[in-house]
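# Fold and geometry: a report
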Amino acid sequence: MLLLSITACNRMGTEASYVVMGNTSEVVRKAFNADAGKVRVVMLVSPTCGMCLKGASEVSQQIAKVDGKKVSLYAVWVPRLGGREKDVPAATRVVADPFTREYWDGNDLLGVAYRRVLGWKDDDAWDVYMVYGPRAQWTGDLPPTPDFYMHQDAEPGLRLDASVFGAKVKELM
Amino acid sequence: MKQGSVVVGSSLGAIASGLVAAATTFCCAGPAVFALLGTSGVLAAARLEPYRMYFILASIALLVIGFWLAYRPKGGCIGKACTTTSAKVTRALLWIAALTTVAAIVLPNFVRG
């Protein structure tokens, strides 16, 4: 009964549109660079992972509180824990910020890329929440190193605390 | 009669707590569980996950109360002859509750995201 009531009380919005990345991360790179001058938040999350959905919901709620002209949020849905493209529309409902750019990375390109960028040893990057300052530029094949990140994986680094993450976003603005 | 109600209540409470604790494990259990619970369900499980240990402790506390009430020696009543049908039912509930609680404790070792 408790689980059902909490399920019923979950505030979830409407489904959002998303872009399919295909075999290249160019579409994300272009959007990232087009938003130069703004703080950018990138989330790599699985549409079938409860912890990812919770993280995406909490981080997006923090972003929704700040001036949308100064921060951009990118939600990249990755195929972890059996996640498939058909799971993405329902997952987009947990993202509170209506201006979020959403992507389906079916080939886990950014997971592989960020594994190298973040120096993760045991796994590709996912369930990770990264923030970039206004001057960040994605110039090479790999995305730039984030100014700050948190995650909910077993890799070393800070465990996600949405309020701390939100404070960091505001600090970089 | 009143004691029987307490034991049943403890059993049901322990089962409920154990089930919720077990459910929190399914927040990241994979596509099969996601297919059952859906986006809202796994999200709810993830939101409850920080409280999992409290549900387990509540289950254990209710089990302790239930087992003590169900199995303590009663005045003038020794042995199987004193076990009524209702007592058997309540004890069965208790053991179901115990199994549920054990499952909630060990599940994370088998369900990995």
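Whatever comes next refers back to the structure up there.
Heads up: these notes are all about the structure in this document. Just so it is clear, the model here is predicted, and its values are computed rather than measured. (Residues numbered from 1 in each chain as written. Chains lettered and ligands numbered in written order. Predicted model: local features only at pLDDT ≥ 70, side-chain atom pairs only at ≥ 80, totals over all residues. Heavy atoms only, no water.)

## Remarks on the side chain of Arg52 of chain B
Residue and element names in this part refer to chain B. To be explicit about the condition: Helix numbers and strand numbers start at the N terminus; a helix is a DSSP run of H or I with at least 4 residues, a strand a run of E with at least 2. Exposure is judged per residue with a 1.4 Å probe applied to protein chains only, and the accessible area is read against the type maximum: over 50% gives exposed, under 20% gives buried, and values in between give partly exposed. When charges are tallied, Lys and Arg are placed among the positive residues and Asp and Glu among the negative ones, while His and the ends of the chain are skipped. We count a salt bridge whenever a side-chain nitrogen from Lys or Arg sits within 4 Å of a carboxyl oxygen from Asp or Glu. Here, two residues are considered to be in contact whenever any of their heavy atoms come within 4.5 Å of each other.
Among the secondary structure elements, Arg52 is positioned in helix H3 (residues 52-71). Within the buried set, Arg52 has no salt-bridge partner at all; the shortest N-O distance to an opposite charge, 6.0 Å, is to Glu49. Beyond its immediate sequence surroundings of up to four residues, Arg52 is in contact with Ala21, Thr24, Thr25, Ala104, Ile105 and Pro108.

## Some points on the interface of chain A and chain B
Keep this limit in mind: Accessible surface is computed with a 1.4 Å probe, and the buried area is the amount of it that two parts give up when combined, taken over both parts together. Counting of polar contacts relies on pairs of N or O atoms within 3.5 Å, with two restrictions inside protein: one atom must be capable of donating a hydrogen and the other of accepting it, and residues adjacent in sequence are counted only when both atoms are side-chain atoms.
At the interface, 21 residues of chain A touch 19 residues of chain B. Buried area between chain A and chain B, summed over both chains or domains, comes out near 1,800 Å², and the portion from carbon and sulfur atoms is 75%. Taken together, the links from chain A to chain B amount to 0 salt bridges. Seen at the junction of chain A and chain B, the total is 1 residue pair in polar contact (both at pLDDT 80 or more). Every element with two or more residues in the side of chain A that touches chain B is listed here: helix H1 (2-9), helix H3 (50-64) and helix H4 (88-91) of chain A. At 6 residues, H3 of chain A tops the list of elements feeding residues into the side of chain A that touches chain B.

## Looking at helix H2 (residues 31-48) of chain B
Residue and element names in this part refer to chain B. Short version of the rule: Expected span of a helix: the number of residues minus one, times 1.5 Å. At any given residue, the bend is defined as the angle formed between two axes, one fitted to the seven residues that end at that position and one fitted to the seven that begin there.
The end-to-end C-alpha distance of H2 is 19 Å, clearly below the 26 Å that 18 residues give at a rise of 1.5 Å each. When the local axis directions of H2 are compared, the greatest deviation, roughly 105 degrees, occurs at Gly38. Those residues of H2 that sit buried are Val33, Phe34, Thr39, Gly41, Val42, Leu43, Ala44, Ala45, Ala46 and Leu48.

## Quick notes on the side chain of Asn33 of chain A
Residue and element names in this part refer to chain A. Mapping Asn33 onto the fold places it in helix H2 (residues 26-34). For Asn33, a relative accessible area of 19% corresponds to the buried category. With sequence-adjacent residues up to four places away left out, Asn33 is seen in contact with Arg40, Gln137 and Trp138.

## Some points on the environment of Trp138 of chain A
Residue and element names in this part refer to chain A. Looking at where Trp138 falls in the secondary structure, it is placed in the loop between strand S5 (128-132) and strand S6 (148-151). Once the C-alpha coordinates of Trp138 and Asp87 are considered, the two residues, 51 residues apart in sequence, prove to be 29 Å apart. Beyond its immediate sequence surroundings of up to four residues, Trp138 is in contact with Ser25, Val28, Arg29, Phe32, Asn33, Leu110, Pro143 and Pro144. One polar contact links the side chain of Trp138 to the main-chain carbonyl oxygen of Gly140, over a distance of 3.0 Å.

## Points about a nonpolar patch on the surface
All names here are of chain B. The criterion, for reference: Any residue with relative accessible area above 30% and no salt bridge may belong to a patch, with like charges joined within 9 Å and the nonpolar Val, Leu, Ile, Met, Phe, Trp and Tyr side chains within 5 Å. In short, Shrake-Rupley with a 1.4 Å probe defines the accessible areas, and a residue's cover is counted only from the protein chains shown.
A cluster of nonpolar side chains, Tyr51, Met53, Tyr54, Leu57, Ile60, Val64, Val102, Ile105, Val106 and Phe110, forms an exposed patch at the surface whose accessible area comes to about 1,000 Å². Listed by contribution, the elements that provide at least two residues to the nonpolar patch are H3 and helix H4 (85-106). Sort the elements by how many residues they give to the nonpolar patch and H3 lands first, with 5 residues. Inspection of the secondary structure puts Met53 in helix H3. A residue is classified by how much of its surface remains accessible, and Met53, at 45% relative accessible area, is partly exposed.

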